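Now for the letters of each chain:
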Amino acid sequence: MDNILEVRDLNISLLENNSTIVKDVSFDVGRGKVLGIIGESGSGKTLTCKAMLKLLNEKVFGVRGKVKLNGADILNMDDKQSRAFIGKDISMIMQNPMTAFDPMMKVGNHIVETLKAHTSLSKKQAYAVGMRVLEKMNLQRVAEIMNSYPHTLSGGMLQRVMIAIALMLKPRVIVADEATTALDVKNQAIILDEFQKMRDSGIGLLVVTHDFGVIGKVADEVLVMKGGEIIERGTVHQIFYNPRTEYTKELLEARFLVDEVNYA
Amino acid sequence: MLGYISNRIMGLIIVLIGVTVLAFIFSNISSVDPAEAFARRNILNPTPEQIEEIREEMGLNLPVYRQYFNWLQGVLRGELGTSLLTRNPVRVDLAEKIPATLSIVGLASFWIIIITVPLSVLSAVNKDSFFDHTLRIVTTFGISIPNFWLGFILLVAFAIMLPIFSVVDYGSLKSLILPSLTIAIPMASSSIRLLRATILENMKKDFVTYAKARGISKNKIIWQHVLKNSLPPMITVFCQYLGYMIAGSAIVEAVFSWPGIGSHLVSAIIARDLPTINGCLLIIAVIFVFFNLLADILNSAINPKMLSEAGEV
Ligand SMILES: Nc1ncnc2c1ncn2[C@@H]1O[C@H](COP(=O)(O)OP(=O)(O)OP(=O)(O)O)[C@@H](O)[C@H]1O
Ligand SMILES: [Mg+2]
């Protein structure tokens, strides 16, 4: 069993009052495996994801532990070294595509900028690569998209652009934090489809969500988080049909309640 | 875009009319009688008849609205009347004074930009560092120190104690340095505050997190993403400053005996030289309004969102 991502004893504290927000989180993601993380609002899912890519403000949060990508601990490297991995070997799909892009930069330049940060491509070559990766995402009129400002595109389109950016540098792991939450049902289906393709190509996927439906469709294993700790873990089947903690049961029930309300 | 600008221009014309009407009303409710002031300056012991004559000659016996329309007709023909003080056409006097003020303001703008941008970025990036705290104290002084006092200090320090710059040396580039710094320091101080705060706010935005997640370097994130997104409020404020600098140039011009439009306006006010006062106010209002428009145009040019909100993509 080859794990491409190993997270060990990840602890996140608030520096100002030394309180621990995320405690002793450990998990593995294997090649072509999808790990789901679920938990109520404020349970520390986003902080965990951000800490893995070193996105947390060092002046606010203290982060301890190990985040090993193919054996290399990026968390404890200096920033210059780890930047070569972040955005390339491990990449992220953000929750809200409408605010993730720089509103004053054209979509194409986001792609070019990312490619140039990790490769020696010229600007022209990078632009051509950008067009190709957008076409692979089944986007129409890619030249137009490349030349658009983010606010002129729909959330669904931007989310696909973000996935294209995440995939274009052939990552080993992709972290998707509520990547489907802001989208309508149709776009959600498209994104879930992309997740399937990613796992088929051997990418390890970490999917954070509130939505058991999403977990049920894509995940192999599930972590349940509460108050910054992992309180339960297992295969999707175990968690869905045989939850051990009251908390997980409640989460599952709440989900059915939501469904009932939606269909009422 | 064009429709938007022409809308703005219409609004600005209304502002100009408002400003000039107010100027007329205020000079009329003032207790000093300009005809009498003029008579006393030019005739020894003028009789009431002589004063009346002058009043009629100057059109000051007409009701205010007639005076205003006469003046407005002149303005539309490019005539601002004749100065009661210098007896030159107001237009000629202004054309002579404005370049002096513009050269101070131009150099002051240059200082403001080259001081504000790097210092704001440095203090935002190193928030709560020694540098940041020091800069906060310095800018607090910069904002609260009165202009005439700052000018005076600079004058004493650099022209008298260390005579690097001469005091009365109108015309050379060197003579511009102290007055322009006097204007620039308070404005740079408050724009550092604004830009630092805007940068800090933008550093918390999602697009910064996402740029980091894509592996973009810190420098690129600051200079290419955060700074650019922090410019629009800065541009608006800076263009307002340009207006304030010109309108408020009187004090600095007085301290440095600089023959610009500010000191010209002050002497006109003292002499009750109504045509000059109105001419100066009109020019200052036009400049103010022009820079406000410029701020809008610049902002919509660099900010794609504003452009499309204004009705065009
Ligand atoms: N900048 C911060 N300062 C202080 N506390 C914070 C900060 N950011 C997050 N927290 C706290 O950390 C906890 C975990 O937050 P996190 O965003 O990881 O939750 P989450 O599981 O992603 O929730 P959601 O489902 O709402 O996205 C929350 O209780 C929150 O109050
Ligand atoms: Mg979250």
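All of these numbers come straight from a predicted model, not from anything done at the bench.

Draft legend 1. Fine view of the overall build of chain B. When its secondary structure is counted, chain B shows 14 helices and zero strands. Listed by position from the N terminus, the elements making up chain B come as α-α-α-α-α-α-α-α-α-α-α-α-α-α. For chain B, the C-alpha atoms occupy an extent of roughly 85 × 55 × 30 Å along the three principal directions. Residue burial in chain B is summarised as follows: out of 313 residues, 43% are buried. The long-range fraction of contacts in chain B, counting pairs at least 24 apart against all pairs at least 6 apart in sequence, stands at 74%. Computed over 23 positive and 20 negative side-chain charges, the inter-centroid distance for chain B is 15 Å.

Draft legend 2. Examining the site of ligand 1 more closely. Residue and element names in this part refer to chain A. With respect to spatial proximity, 13 residues lie near ligand 1, and among them Ser-41, Gly-42, Lys-45, Thr-46 and Leu-47 are the closest. Across the complex, the protein chains shield 61% of the 640 Å² of accessible surface that ligand 1 would expose by itself. Top element by residues in the shell around ligand 1 is helix α1 (residues 45-52). It accounts for three residues. Its residues placed into classes, the shell around ligand 1 shows four nonpolar, six polar and three charged.

Draft legend 3. Examining the sheet that holds strand β10 (residues 229-235) of chain A more closely. All names here are of chain A. One open sheet holds the six strands; their spatial order is β6-β7-β8-β3-β9-β10, and the pairing between them is mixed. Single-partner strands in this sheet number two, and they are β6 (90-93) and β10. If you compare each strand with its neighbour and ignore which way they point, the axes differ by 20 degrees on average. Relative to strand β8 (residues 204-208), strand β3 (residues 34-39) is paired through four bridges, and the arrangement is parallel. Each bridged residue has a counterpart across the sheet, and for Val-34 the counterpart in β8 is Leu-205. Its contacts with the sheet place helix α7 (residues 155-168) against β6 and β7 (173-177), and it is angled at close to 180 degrees to β6.

Draft legend 4. Representation of the interface of chain A and chain B within the structure. With 29 residues of chain A in contact, the opposing surface of chain B contributes 25 residues. In terms of surface lost to chain B, no three residues of chain A exceed A:Met104, A:Glu113 and A:His151, which account for 28% of the buried area on that side. The tally of links from chain A across to chain B stands at two salt bridges. Put simply, B:Lys218 and A:Asp79 hold a salt bridge, and the shortest N to O gap is 3.3 Å.

Cut-offs and rules
- Residues numbered from 1 in each chain as written.
- Chains lettered and ligands numbered in written order.
- Predicted model: local features only at pLDDT ≥ 70, side-chain atom pairs only at ≥ 80, totals over all residues.
- Heavy atoms only, no water.
- Helix = DSSP H or I, 4+ residues; strand = E, 2+ residues; numbered from the N terminus.
- Buried < 20%, exposed > 50% of the residue type's maximum accessible area, 1.4 Å probe, protein only.
- Contact = heavy atoms within 4.5 Å.
- Lys, Arg positive; Asp, Glu negative; His and termini not counted.
- Charge placed at Lys NZ, Arg CZ, Asp CG, Glu CD.
- Near = heavy atom within 4 Å.
- Areas by Shrake-Rupley, 256 points an atom, 1.4 Å probe, with all protein chains shown as cover.
- Nonpolar A, V, L, I, M, F, W, Y, C, P; charged D, E, K, R; others polar.
- Pairing = 2+ DSSP bridges.
- Axes fitted to C-alpha atoms, helices over the stretch in contact; angles between N-to-C directions.
- Buried area = accessible area lost by both parts, 1.4 Å probe.
- Salt bridge = Lys/Arg side-chain N within 4 Å of Asp/Glu carboxyl O.

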